[in-house]
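# Breakdown of the fold
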Amino acid sequence: MKADPDWDVIAVDGVAIAERPEKVYLMLNKPRGYVTTLSDEKGRRTAAELVADCGERVWPVGRLDMFSEGLLLFTNDGEFTQRLEHPSGCVEKEYLVRVDGWSDGALEVLRGPITLDGQLLAPAQVRIVSREREFAVLRIVIHEGKNRQIRRMCEKAGVRVLRLKRVREGTLCLGDLKPGMWRKLKKMEVGSILSL
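Residues numbered from 1 in each chain as written. Predicted model: local features only at pLDDT ≥ 70, side-chain atom pairs only at ≥ 80, totals over all residues. Heavy atoms only, no water.

### Examining the overall build of the protein chain
Within the protein chain one finds five helices and 13 strands. Seen through its principal axes, the protein chain has C-alpha atoms that stretch 70 × 35 × 30 Å. Within the protein chain, contacts between residues at least 6 apart in sequence are counted, and of these 67% link residues at least 24 apart. Carbon and sulfur atoms make up 52% of the accessible area of the protein chain, which totals about 11800 Å². (Helix = DSSP H or I, 4+ residues; strand = E, 2+ residues; numbered from the N terminus. Contact = heavy atoms within 4.5 Å. Areas by Shrake-Rupley, 256 points an atom, 1.4 Å probe, with all protein chains shown as cover.)

### Some remarks on the nonpolar core
Core analysis: the largest hydrophobic core is formed by 36 residues, its most contacted members being Phe74, Val99 and Trp102. No other element matches strand β10 (residues 135–142), which puts four residues into this core. In this view, valine 99 contacts Glu134, Phe135, Ala136, Leu138, Cys154, Val159, Arg160, Val161 and Leu162; residues no more than four positions away in its chain are not counted. Core analysis: the second largest hydrophobic core is formed by 14 residues, Tyr25, Leu177, Leu185 and Ile193 among them. (Core = buried A, V, L, I, M, F, W, Y, C linked by side-chain atoms within 4.5 Å. Buried < 20%, exposed > 50% of the residue type's maximum accessible area, 1.4 Å probe, protein only.)

### Considering helix α5 (residues 187–194)
Every buried residue of α5 is accounted for by Glu189, Val190 and Ile193. All buried residues of α5 fall inside an arc of 100° around its axis, so they share one side. Residues of α5 that are exposed and point over 90 degrees away from its buried face: Lys187 and Met188. Looking at the packing, one finds that the buried side of α5 touches β3 (25–30), β5 (69–75), α2 (78–85), β11 (160–169), β12 (172–173) and β13 (182–184). (Arc of directions from axis to C-beta.)

### A word on the pattern of salt bridges
In total, this model carries 15 salt bridges according to the counting rule given. Between aspartate 65 and arginine 151 there is a salt bridge, with the nearest N and O atoms lying 2.8 Å from each other. Here aspartate 65, found in the loop between β4 (59–61) and β5, pairs with arginine 151, found in helix α4 (residues 149–156); they are 86 residues apart in sequence, far enough to count as distant. Looking at arginine 151, the relative accessible area reads 12%, which means it is buried. Glutamate 189 serves as the salt-bridge partner of arginine 183, at 2.7 Å between the closest nitrogen and oxygen. (Salt bridge = Lys/Arg side-chain N within 4 Å of Asp/Glu carboxyl O.)

### Let's talk about the packing of aromatic side chains
Scanning the model with the defined rule gives one aromatic pair in all. Measuring from ring centre to ring centre gives 4.9 Å for tyrosine 25 and phenylalanine 80, while their planes differ by 65°; the resulting arrangement is edge-to-face. Of this pair, tyrosine 25 sits in strand β3 while phenylalanine 80 sits in helix α2, and the two are 55 residues apart along the sequence. The pair tyrosine 25 / phenylalanine 80 is uniform in exposure class, with both members buried. Between the NZ or CZ atom of arginine 45 and the centre of the ring of tyrosine 34, over which it lies, the distance is 4.4 Å. (Phe/Tyr/Trp six-rings, centres within 6.5 Å; stacked < 30°, edge-to-face > 60°. Lys NZ or Arg CZ within 6 Å of the ring centre and 35° of its normal.)

### Overview of empty space enclosed by the protein
Scanning all chains against the criterion turns up one cavity of 30 Å³ or more. Of the pockets and cavities examined, the largest cavity occupies roughly 30 Å³. (1 Å grid on protein atoms, 1.4 Å probe; cavity = no way out; pocket = protein on both sides within 12 Å on 5 of 7 lines; lining within 4 Å. Points joined across faces, edges and corners; volume = space filled by probe spheres on them.)

### Here we look at the packing of α2 against α5
To characterise two packed helices, one gives the angle between the axes of the helices and the distance between these axes. Where α2 contacts α5, the axes come no closer than 10 Å and their chain directions differ by 45°. With respect to each other, α2 and α5 are oriented oblique. For the pair α2 and α5, contact is made by Phe80, Arg83 and Leu84 and by Val190, Ile193 and Leu194, respectively. Split by residue class, the contact of α2 with α5 holds five nonpolar, no polar and one charged. (Axes fitted to C-alpha atoms, helices over the stretch in contact; angles between N-to-C directions. Parallel < 35°, antiparallel > 145°, perpendicular 65-115°, else oblique. Nonpolar A, V, L, I, M, F, W, Y, C, P; charged D, E, K, R; others polar.)

### Things to note about unusual backbone geometry
Despite not being glycine, arginine 133 has its phi angle at roughly 55°, a positive value. Looking at where arginine 133 falls in the secondary structure, it is placed in the loop between β9 (125–132) and β10.

Dropping the structure here:
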């Protein structure tokens, strides 16, 4: 049988089946010092606490480590999560990264073929935004999103990450969203990132 959830009441043994929750898509500007998890056994602050007032149970899409900041998506849509986290790596992620110990050879290493966990990474796009002596600010675009990927790439290049901020994921840009604040994505934004 077919039913129209807008008009029909669906029940089993006289008990109505709960309606599906509305699909929710959020963008959070995660501050440093928060772990990307729903709860933490060590009692650390979680990014989920920052979106707890959104009205639905949501989970993070992807990760940002405790010392990283910036754009982090939350949703209650499993299909959306799978599309964005799929290992095919079709969704670009862009970061601003401040590093220490910069040398001219580091750029070549970061742009060149890098292997992590026995797998060759897709080449990263790396551009120097500014440089002052041994410090540099880089704009890095990656596709895979392996665990602590940018930090580990920088280690291989002999530089130390001082600050790492995700500013874009696919077509979604962090913009001027303040740290610790979140907003709902517009339908157009959700459609745009799903079309990638």
